[in-house]
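This is what each chain is made of:
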Amino acid sequence: MLSPSIGRRAAVIHRRRTKSRGPIRHKPAAMVAIVAAIALWSLAIGTASAAPKSKPNQIKYEYVAPKDPAHQPIHDQMKQGRALEHLQELLSPLRLPYPLTIKVAGCDGTINAWYNDEVITVCYELLAEILKNAPPKDLPIGISRADTILGPVLAVFLHETAHALFNMLQIPVLGREEDAADQFTAYVMLKLSKDEARRMILGSAYHHTVQIPGPQVTVPVRSYSDDHSTAAQRMFNILCLGYGADKKLFADVVEKDFLPKGRAELCDREYEDVDFAMTKLVGPHIDKARARKFHEVWARTVSARRAKLTPAIAESGKQTPNPAGAQ
Ligand SMILES: [Zn+2]
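Residues numbered from 1 in each chain as written. Predicted model: local features only at pLDDT ≥ 70, side-chain atom pairs only at ≥ 80, totals over all residues.

### Quick word on the environment of His163
Put simply, the test is: Numbered from the N terminus, helices here are DSSP runs of H or I no shorter than four residues, and strands are runs of E no shorter than two. Any residue with 12 or fewer other C-beta atoms within 10 Å of its own C-beta is exposed, any with 20 or more is buried, and the rest are partly exposed; the C-beta atoms used are placed from the backbone.
By secondary structure assignment, the location of His163 is in helix α6 (residues 145-168). Taking the C-beta count within 10 Å as the criterion, His163 has 25 such neighbours and is therefore assigned buried. Between the alpha carbons of His163 and Ala180 there is a distance of 8.8 Å; along the sequence they are 17 residues apart.

Quick look at the structure:
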């Protein structure tokens with residue numbers, strides 16, 4: 001039986017708070033008027049564009065001091081490990097019309113993350129939840145405890161980045177935006193080195209499995225009305241994209257029946273669809289030279305980063321009780 005607390009948590013995590021989209025809606029009123037006037041003028045002459053010029057290196061970050069003292073170790077370890085700086089580096093090839101800020105902050109007990117008005121907020125409460133859900137030991141499938149922390153943390157930031165891009169770049173989304181954000185997340189992870197991609201995909205899939213109480217669940221029908229897919233669907237979806245991208249790298253996922261064969265047969269098509277959409281819709285907004293440079297640096301330094309971050313993160317997890325009391 002899927003507990004009510006699990007259902008409630010799944011309903012709020014990663015929800016984007018803003019539904020409207022468009023490049024001018026976030027700007028101050030005076031700026032809106034100026035941009036609107038320019039837009040009309042440009043329509044009239046049919047040449048100049050009112051859109052601000054997009055450019056790379058638009059990611060800002062902020063470590064907000066925690067309100068809850070229990071979150072201080074998470075704040076300190078993230079800062080020492082330069083976690084947001086690394087995310088800034090990861091996202092710096094994106095060409096954006098305005099700066100996008102990624103921040104960690106206390107949320108008064110709410111386990112959540114969201115994008116709103118060019119700011120991604122990830123609550124310390126959600127990070128504490130990820131730490132709490134990590135297994136005590138490495139997993140037999142070749143995934144370390146660190147991967148089950150780093151994978152979902154990266155997934156949360158990428159998922160919210162997807163919402164930001166859909167909004168700031170006015171990228172059309174067919175299907176549910178929450179699913180599209182998960183697809184974006186998996187796709188970016190799969191662009192890392194093979195070893196890193198496998199660790200991040202399986203690590204974040206693990207995070208969804210802890211919300212599934214067993215092979216059989218009973219849930220109220222209304223829980224299917226949520227704009228997010230269920231934890232089980234999100235787990236299968238991310239495994240499917242991994243397997244679709246690289247059947248060899250993720251072969252054991254199907255052999256061990258974590259991903260049923262019936263679904264696995266379709267995964268290369270699913271990955272191709274996502275690859276096509278990402279290439280067509282997001283690709284033009286990526287600074288290719290900067291992305292190439294980033295991947296070289298990331299690949300060279302990722303092991304060192306993990307070695308440095310792992311004991312620190314694991315230690316902060318031990319010190320951090322879950323303030324919301326959720327599972
Ligand atoms: Zn979302």
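Still more to cover.
### Looking at the pairing of strand β2 (residues 100-105)
Note the following rule: Here, any two strands with at least 2 DSSP bridges between them count as paired.
By the alternation rule, side chains of β2 split into Leu100, Ile102 and Val104, which are all buried, and Thr101, Lys103 and Ala105, of which none is buried. Bridging between strand β1 (residues 59-63) and β2 involves five bridges; their strand directions are parallel. The residue bridging Tyr63 from the neighbouring strand is Val104, located in β2. Where β2 meets strand β4 (residues 119-123), five bridges bridge the pair, whose relative direction is parallel. Its bridge partner being in β4, Ile102 is matched across the sheet by Ile120.

### Details of the packing of helix α5 (residues 124-133) against α6
Rule in force here: A fitted line through C-alpha atoms serves as each axis, taken over the contacting stretch for helices, and the angle formed by two N-to-C directions is quoted from 0 to 180°. If an angle is under 35 degrees, it is roughly parallel; if it is over 145, roughly antiparallel; if it lies from 65 to 115, roughly perpendicular; otherwise it is oblique. Left-handed describes a crossing whose near helix is turned anticlockwise from the far helix by less than a right angle; the clockwise case is right-handed. With C-beta atoms placed from the backbone, a contact is any residue pair whose C-beta atoms sit within 7 Å. Charged residues are taken to be Asp, Glu, Lys and Arg, nonpolar residues to be Ala, Val, Leu, Ile, Met, Phe, Trp, Tyr, Cys and Pro, and polar residues to be all remaining types, Gly included.
At a minimum axis distance of 9 Å, the contact between α5 and α6 shows a crossing angle of 155 degrees. Classed by the angle they form, the pair α5 and α6 counts as roughly antiparallel. Our pair here, α5 against α6, has a crossing hand that is right-handed. Contacts between α5 and α6 involve Leu126, Leu127, Ile130 and Leu131 from the first element and Ile149, Pro152, Val153 and Val156 from the second. Considered class by class, the residues forming the contact of α5 with α6 number eight nonpolar, no polar and no charged.

### Regarding the sheet that holds β4
Taken in spatial order, the four strands make up an open sheet running β1-β2-β4-β3, and their pairing is mixed. Each of the sheet's edge strands pairs with one partner strand only, and the pair in question is β1 and β3 (113-116). Across the sheet, the mean angle from the axis of one strand to that of its neighbour is 15 degrees, orientation sign disregarded.

### Examining helix α3 (residues 72-80)
Here is the rule we go by: The arc under discussion is defined with respect to the helix axis, by the directions toward the C-beta atoms.
Along α3, the positions that sit buried rather than exposed are Pro73, Ile74, Gln77 and Met78. The buried residues of α3 occupy an angular sector of 125 degrees when projected down its axis, which confines them to one face. One or two positions beyond α3, positive phi appears at Arg82, with a value near 55 degrees.

Bear in mind that shape data such as this cannot, by itself, settle questions of function.
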